[in-house]
Amino acid sequence: MDETKAPSNHSTSAHAGEAVLIEERIGPFYPFRFRNFRLFFIGQLISVAGTWMQQVAESWLVYHLTQSATWLGIVSGTGALCYVAFAFAGGQVADRYPRRNVLLITQTAAMLLAFTLAFLAWPHSPIPIQPWHIALMAGLLGIVRAYTMPSQQAFVTDMVDDRRALPGAIALNSLRFNLARFIGPALAGFVLVQQGAEACFFWNGISFLAVILSLLLMRMENQSVKPHRQPIKEGLTYVLRTRSVLQVIVLIATASLLLWPVTTLLPVFAQLFHVGKQGYSTMVSTNGLGAALAGLSLAWFGLRIPRRYTIFAGAIGLGLSSLMFISAASYRLALACLLLIGFCMILCGISANTFVQEQVPDALRGRVMALYTLVFNALQPVGGLLIGLSADHFGAPRAVAINALLGIGLISLIIFWLSPQRHRVGVQPASASPPLPEGQGED
């Protein structure tokens, strides 16, 4: 009996050791084992921190020049409209051309726009800056982002050679964005006070050198240009025929239009709390810190929780925390609410992004992600325009309350729409949608 048990125990121990090694190998930081991903993470962290410096300074400068919440919305809306006009073209480019080359071009263009804005905002500039200048720059940047976002989203899969690393790479990619969202506004608060908005724009331009250098240092396989344009309708058809993906995109569209734009009004709330430039940058940084905590949490625990639960919890939590924010009796309580808002935003956003990327076939990735980034990024500025108009008519707190209540109601309906399909989320009938890539299925 003992002789028969010994091999069994040894075998069990070996399998357990193998399981531990496998679990360690695909842990939350496994994507960092890929050199290209490490370079991308570092370069983008620096660049996006600079971009957040520019966004903070831009919003503050617009409100300083106009004292109008509507103008805050106009600047956001201009960028959104230009993004919408070119979003699907950006998806086609992402599926046809080498994505690294596309990103090198778009990041260079964004750098030049940042330097142009710095020149216009410079106190000794021969062309004194006007609100419409900022709106124009936002529109041009919207066009650049329309080509950047689909390639950037799809490029994540080009940088990791192991499909199992994809969820962790997406979570870390978002963590990187939200770390920058914390660091950038904190730096902006210091630079705004010491050197002015033009310095924030200038340092943003310098920060693009980091991402351009990281892209040049990557070791990539030669990617050929596809001979024909990739039809947009193939991506749209896939989404329309894949019910679970369509439902998640509709939910993200609703949240982007009604709930994310709450942060557009932060300059107004900074004035209501009488906290000035430094207090405003602290509000944005606190919101970014909450988002970074959500990204880190999902990197550690995301694989253990069904994706649909984190999508729903983040969306509903975002609406509820927005209502808490406008009810805050003090600046410190408002900061705590902004921390929660940032956490819920990214809890929903990363989970939705990961879910869609896990479902979509590689051949359609650029075009499907173009649609995803369209609703995620373009509807938020449109919502910013609407909430800005609403704030000028009803006041900022009431405008946020209207958006939050409407958003909670619509998202609840979408969740109810999803509920009959819970046991089939991520699994589509073979006759109803294109086949999924090998190894992809239910969370």
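Residues numbered from 1 in each chain as written. Predicted model: local features only at pLDDT ≥ 70, side-chain atom pairs only at ≥ 80, totals over all residues. Heavy atoms only, no water.

1. As for the overall build of the protein chain
Next, step 1: The helix and strand tally for the protein chain stands at 15 helices and 0 strands.
Next, step 2: Per-residue burial for the protein chain yields a buried fraction of 56% across its 443 residues. (Helix = DSSP H or I, 4+ residues; strand = E, 2+ residues; numbered from the N terminus. Buried < 20%, exposed > 50% of the residue type's maximum accessible area, 1.4 Å probe, protein only.)

2. A short note on the packing of helix α9 (residues 243-258) against helix α13 (residues 331-359)
In a pair of packed helices, the angle between the axes and the distance between the axes together describe the arrangement.
Next, step 1: One can describe the packing of α9 onto α13 by two numbers: an axis separation of 10 Å at closest approach and a directional angle of 155°. As summarised for this structure, α9 and α13 are arranged roughly antiparallel, according to the angle between their axes. When you trace α9 past α13, the crossing you get is left-handed. Of α13, the residues touching α9 (which contributes Ser244, Val245, Val248, Ile249, Leu251 and Ile252) are Cys348, Ala352, Phe355, Val356 and Gln359.
Next, step 2: Taken together, the residues of the contact of α9 with α13 sort by class into 9 nonpolar, 2 polar and no charged. (Axes fitted to C-alpha atoms, helices over the stretch in contact; angles between N-to-C directions. Parallel < 35°, antiparallel > 145°, perpendicular 65-115°, else oblique. Left-handed = near helix turned anticlockwise from the far one by under 90°. Contact = heavy atoms within 4.5 Å. Nonpolar A, V, L, I, M, F, W, Y, C, P; charged D, E, K, R; others polar.)

3. Topic: a nonpolar patch on the surface
Next, step 1: Taken together, the side chains of Phe29, Leu296, Trp300, Phe301, Ile305 and Tyr309 make up a nonpolar region of the molecular surface, amounting to roughly 570 Å² of accessible area.
Next, step 2: Judged by relative accessible area, which is 43%, tyrosine 309 ranks as partly exposed. (Patch = residues over 30% accessible without salt bridge, like charges linked within 9 Å, V, L, I, M, F, W, Y side chains within 5 Å. Areas by Shrake-Rupley, 256 points an atom, 1.4 Å probe, with all protein chains shown as cover. Salt bridge = Lys/Arg side-chain N within 4 Å of Asp/Glu carboxyl O.)

4. A few points about the nonpolar core
Next, step 1: The biggest cluster of nonpolar side chains holds 126 residues, and the ones touching the most others in it are Leu265, Phe325 and Val356.
Next, step 2: With residues up to four places along the chain from it excluded, the contact list for leucine 265 reads Ala69, Ile387, Gly388, Ala391, Ala396 and Val400. (Core = buried A, V, L, I, M, F, W, Y, C linked by side-chain atoms within 4.5 Å.)

5. So, the packing of helix α2 (residues 35-66) against helix α7 (residues 197-217)
Next, step 1: The N-to-C vectors of α2 and α7 enclose an angle of 165°; their axes lie 8 Å apart at closest approach. Between α2 and α7, the angle falls in the class roughly antiparallel. Considering only the axes of α2 and α7, their crossing is left-handed.
Next, step 2: Here the contact of α2 with α7 is composed, by residue class, of 14 nonpolar, 9 polar and 2 charged.

6. Things to note about the packing of aromatic side chains
Next, step 1: As enumerated under the stated definition, the model contains 11 aromatic pairs in all.
Next, step 2: Each ring, one from phenylalanine 32 and one from phenylalanine 41, has its centre 5.0 Å from the other, and the planes form 85°; the classification is edge-to-face.
Next, step 3: Consider the rings of tryptophan 60 and tyrosine 280, whose centres lie 5.8 Å apart with planes at 25°: the pair is stacked. With tryptophan 60 in helix α2 and tyrosine 280 in helix α11 (residues 276-301), this residue pair connects regions lying 220 residues apart in the sequence. Assigned by exposure class, tryptophan 60 and tyrosine 280 land together as buried.
Next, step 4: Chaining the aromatic ring pairs together yields one cluster made of Phe32, Phe37 and Phe41. (Phe/Tyr/Trp six-rings, centres within 6.5 Å; stacked < 30°, edge-to-face > 60°.)

7. Let's talk about helix α3 (residues 69-96)
For an α-helix the count is 3.6 residues per turn, leaving residues at separations of three or four pointing the same way.
Next, step 1: Between the first and last C-alpha of α3 there are 40 Å, a value that for 28 residues agrees with the 40 Å anticipated at 1.5 Å per step.
Next, step 2: The largest bend in α3 comes to about 45°, at phenylalanine 86.
Next, step 3: At the N-terminal boundary of α3, the capping side chain belongs to serine 68, with an oxygen 3.2 Å from the backbone nitrogen of tryptophan 71. (Expected span 1.5 Å × (residues − 1). Bend = angle between axes of the 7 residues up to and from the residue. Polar contact = N/O pair within 3.5 Å; in protein donor to acceptor, adjacent residues only side chain to side chain.)

8. Focus: the environment of serine 151
Next, step 1: Tracing the chain through its elements places serine 151 in helix α5 (residues 131-159).
Next, step 2: Spatially, the C-alpha atom of serine 151 lies 8.0 Å from that of aspartate 95, the residues being 56 residues apart in sequence.
Next, step 3: The residues touching serine 151, leaving out its near neighbours within four places in the chain, are Ala94, Arg99, Val102 and Leu103.

9. Some remarks on unusual backbone geometry
Next, step 1: With a phi angle near 55°, glutamine 67 is a residue other than glycine that sits in the positive phi range.
Next, step 2: Along the chain, glutamine 67 falls in the loop between α2 and α3.
Next, step 3: By relative accessible area, which is 48% here, glutamine 67 ends up partly exposed.

10. Considering the confidence of the model for the protein chain
Residues shown with low pLDDT carry predicted positions that ought not to be read at fine detail.
Next, step 1: For the protein chain, per-residue confidence averages 80 on the pLDDT scale, and 84% of positions sit at 70 or higher.
Next, step 2: Residue range residues 1-24 is modelled with pLDDT below 50. Its contacts to residues more than four positions away, or to other chains, number 2 contacts.
Next, step 3: This stretch, residues 420-443, has a pLDDT under 50; its non-local contacts, to residues over four places away or in other chains, come to 47 contacts. (pLDDT = per-residue confidence, 0-100.)

11. Quick word on α2
Next, step 1: Over its 32 residues, α2 extends 46 Å from the first C-alpha to the last, a length consistent with the 46 Å expected when each residue adds 1.5 Å.
Next, step 2: Directly after α2, the chain includes glutamine 67, whose backbone phi takes a positive value near 55°.

12. Structural notes on the side chain of serine 68
Next, step 1: With respect to the helices and strands, serine 68 occurs in the loop between α2 and α3.
Next, step 2: In this structure the side chain of serine 68 is engaged in a polar contact, spanning 3.2 Å, whose partner is the backbone nitrogen of tryptophan 71.
Next, step 3: Contacts of serine 68, omitting those with residues within four sequence positions, involve Tyr63 and Asp392.

13. A closer look at the state of the cysteines
Next, step 1: Counted by the stated rule, this structure contains 0 disulfides.
Next, step 2: Of all cysteine sulfurs in the structure, the one in cysteine 344 sits closest to cysteine 348, which takes part in no disulfide; the separation is 9.2 Å.
Next, step 3: Using a relative accessible area of 1% as the deciding quantity, one classes cysteine 348 as buried. (Disulfide = S-S within 2.5 Å.)

14. Details of the environment of leucine 258
Next, step 1: Structurally, the position occupied by leucine 258 is in helix α9.
Next, step 2: When the C-alpha positions of leucine 258 and leucine 379 are compared, they lie 8.7 Å apart, and in sequence the two are 121 residues distant.
Next, step 3: Aside from chain neighbours lying at most four places away, what touches leucine 258 is Asn403, Leu406, Gly407 and Leu410.

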